[in-house]
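Next come the chains, spelled out residue by residue.
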Amino acid sequence: MRIPLKRHSVVPLYQQIEAYLRQGILSGSLAANTRLPASRQLARDLGVNRITVENAYAVLETDGLIYSRMGSGTYVLSPDPLLVIPKDQPGATWPLWQQGLELRSSKPRSSVEIKKASRHPELISFASGIGDAHLFPAEDFRKVLQTVMRRDGIAALDYGEPNGHAPLRETITHILASQGLQTRAENVLVTAGSQQALSLVSQLLLKPGDVIMVESPTYSGALELFRALGFKVVAVPVDRQGMQVEALEKLLQQHHPKLIYTIPTFHNPTGTCLSTSRRIELIVLADRYNIPILEDDFVGDLRYEGRSQPALKALDPGGRVIYVSTFSKILMPGLRVGFLVAEGPIYQRLVDFKRVNDLATSTLIQRALEVYVTVGRYQSYLRRSCQTFRKRRDTMLSAMQRYLPAGIDFDPPHGGLFIWLQLLENLSSTKLLSFAWEEGVDFSPGNGFFIDQTGGDHWLRLNFVAQSPDQIEEGIKRLGRALKRLMAAP
Ligand SMILES: Cc1ncc(COP(=O)(O)O)c(C=O)c1O
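Residues numbered from 1 in each chain as written. Predicted model: local features only at pLDDT ≥ 70, side-chain atom pairs only at ≥ 80, totals over all residues. Heavy atoms only, no water.

## Some points on the sheet that holds strand β15 (residues 444–445)
Here three strands make up an open sheet; going across it, the order is β13-β16-β15 and the pairing antiparallel. Of all strands in the sheet, those bounded by a partner on one side alone are β13 (418–422) and β15. Inspection of the sheet shows β13 paired to strand β16 (residues 459–463) by five bridges, in the antiparallel sense. In the sheet register, Trp420 faces β16, and the bridge partner there is Arg461. The strands touched by helix α15 (residues 375–403) within the sheet are β13 and β16, with β13 carrying the most contacts at an inclination of about 20°. (Pairing = 2+ DSSP bridges. Helix = DSSP H or I, 4+ residues; strand = E, 2+ residues; numbered from the N terminus. Contact = heavy atoms within 4.5 Å. Axes fitted to C-alpha atoms, helices over the stretch in contact; angles between N-to-C directions.)

What follows is the structure, encoded as structure tokens:
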């Protein structure tokens, strides 16, 4: 144990040791039943007399904070709850530089906060950006982890290759090829979720103050990232066919962006798909103006009907589009495995940049994923997910027809995770949220998806895959009640 001691202090050494341990016990960092080092050992570690340590232990024992068991050692006791030091230190104790940071930090809503705010015992949430956790193949994955540990031993616990586990990269190319995107394992970089891929690509290509062009609205996590990195975010408007590529050329001439970020298929939050002609035009324009495209294909495969659209990457003659996708939505977000596909010098630069950022994505999880996601299994899992999610979408759409008041506008999505709703102009989704929490339902209000964070107040996003059909029915009923209350409010 390493205890900081001030050897020239007027405070005796035994008191310093005692105070340090007391702080640890009362703050909970030294948990009950933790075995403390033997006094002889601690005295040697700290370079003090054994009596000094014994005196410190004696005071703590008298105060009921530790106890010694004959022949076994000295252990921490559970402290009296009245003495416990609260976890949140008062802000005034932070150094000035920390206090400045505290004022600027924006805390995301935690599920605990939401539950507290809602005061409803059984909140139904349509707010998340992921699938139904009850459908995660958790048990299969547990077995696969065991298999990998048995099969690969310590190799599974190494850092692994900086661009990702080679057999997993190979599998990713097969999955992509089965979805119509042909690439090679040498062009795949495994990342810690697709969020890391967005972060690496944008940081490599832009510096603070540079312009990045995005659809408006767009994925709130990307907006937060680009803002945090100090980029100037410029909006391209969208309509029912996705990004209005017709408006793009003028914006490119005006703003000279360094990167175009787009979610062309089952967009977050709108659920729309970019038309094929716009896809082709987007690539032509980006090429003409020498601007890379960052394509976020987070749920491109979750299509429930309609004609499939090729990924932008599949239309790329080479090196224009950096493609990003993830296992978070189709499998489980806690894996933290996503990937990007890039060709040309940018690929190696991204590999190097990823390595200096985090050395590697978990080898154990990559190996397990590689065992779990054979192309065949991925396809059948995808088929089942699509069936389930299509039913849930239909359940939500029909519940919306029954329970939501007239005047709410939306396009039924053909895939993905979300329904994007427009309220009447004079209604605010932020205000609706308070009523919704009281009724016991949660959703994502529109503002977070817009660059100015205010332009989306009469929009809201509902996740239709995260809840069971019964919960969807009940949740939309509650949302209908909340909406009626909002409309009746002065
Ligand atoms: C459009 C989009 N892209 C990327 C991500 C990041 O997901 P992950 O890092 O889990 O792959 C999300 C998560 O919600 C998303 O909605």
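Next, the rest of the story.
## Notes on the environment of Ala19
In this structure, Ala19 sits in helix α1 (residues 13–27). Taking the C-alpha atoms as reference, Ala19 lies 9.0 Å from Leu60; in sequence the two are 41 residues apart.

## Looking at helix α13 (residues 345–358)
For α13, spanning 14 residues, the distance from its first C-alpha to its last is 21 Å, which sits close to the expected 20 Å at 1.5 Å a residue. Along α13, the positions that sit buried rather than exposed are Ile346, Tyr347, Leu350, Val351 and Lys354. Considered in projection along α13, the buried side chains sweep an arc of 140° and stay on one side of the axis. Facing away from the buried side of α13 by more than 90 degrees, the exposed set consists of Pro345, Arg349 and Val356. Buried residues along α13 sit against β5 (188–191), α8 (193–205), β11 (321–326) and β12 (338–341). (Expected span 1.5 Å × (residues − 1). Buried < 20%, exposed > 50% of the residue type's maximum accessible area, 1.4 Å probe, protein only. Arc of directions from axis to C-beta.)

## Points about helix α9 (residues 220–228)
Every buried residue of α9 is accounted for by Gly221, Ala222, Leu223, Leu225 and Phe226. Turning to α9, the residues buried within the fold contact α8, β6 (211–216), β7 (232–239) and β9 (259–262). Just downstream of α9 lies Gly230, where phi reads positive at about 80°.

## Some remarks on empty space enclosed by the protein
Inspection of every chain in the model, using the stated rule, returns one cavity of 30 Å³ or more. Taken as a whole, the largest cavity spans an internal volume of roughly 50 Å³. The wall of the largest cavity is formed by Glu215, Val238, Gly242, Met243, Ile263, Pro264, His267, Thr270, Thr272, Cys273 and Leu274. Residues that form the lining of the largest cavity fall into these classes: six nonpolar, four polar and one charged. (1 Å grid on protein atoms, 1.4 Å probe; cavity = no way out; pocket = protein on both sides within 12 Å on 5 of 7 lines; lining within 4 Å. Points joined across faces, edges and corners; volume = space filled by probe spheres on them. Nonpolar A, V, L, I, M, F, W, Y, C, P; charged D, E, K, R; others polar.)

## With respect to the nonpolar core
Of all hydrophobic cores here, the largest spans 94 residues; its most connected members are Phe327, Leu462 and Ile476. Looking at which element gives the most residues to this core, the answer is α15, with nine residues. Look past the residues within four positions of Phe327 in its chain and what remains in contact with it is Ile172, Ile175, Met332, Leu335, Val337, Gly338, Phe339, Leu369, Val373 and Tyr378. (Core = buried A, V, L, I, M, F, W, Y, C linked by side-chain atoms within 4.5 Å.)

## Some details on the site of the ligand
Around the ligand, a shell composed of Gly193, Ser194, Gln195, Tyr219, Ile263, Asn268, Asp296, Phe298, Thr326, Ser328, Lys329 and Arg336 is seen. Between the ligand and the protein, one listed contact pairs an oxygen atom with a backbone N or O atom of Gln195 at 2.9 Å. Within the contact set of the ligand, an oxygen atom lies 2.6 Å away from a side-chain nitrogen or oxygen of Ser328. Protein coverage of the free-state accessible area of the ligand, which is 400 Å², stands at 91%. Per-element accounting of the shell around the ligand gives the leading share, three residues, to α8. (Near = heavy atom within 4 Å. Polar contact = N/O pair within 3.5 Å; in protein donor to acceptor, adjacent residues only side chain to side chain. Areas by Shrake-Rupley, 256 points an atom, 1.4 Å probe, with all protein chains shown as cover.)

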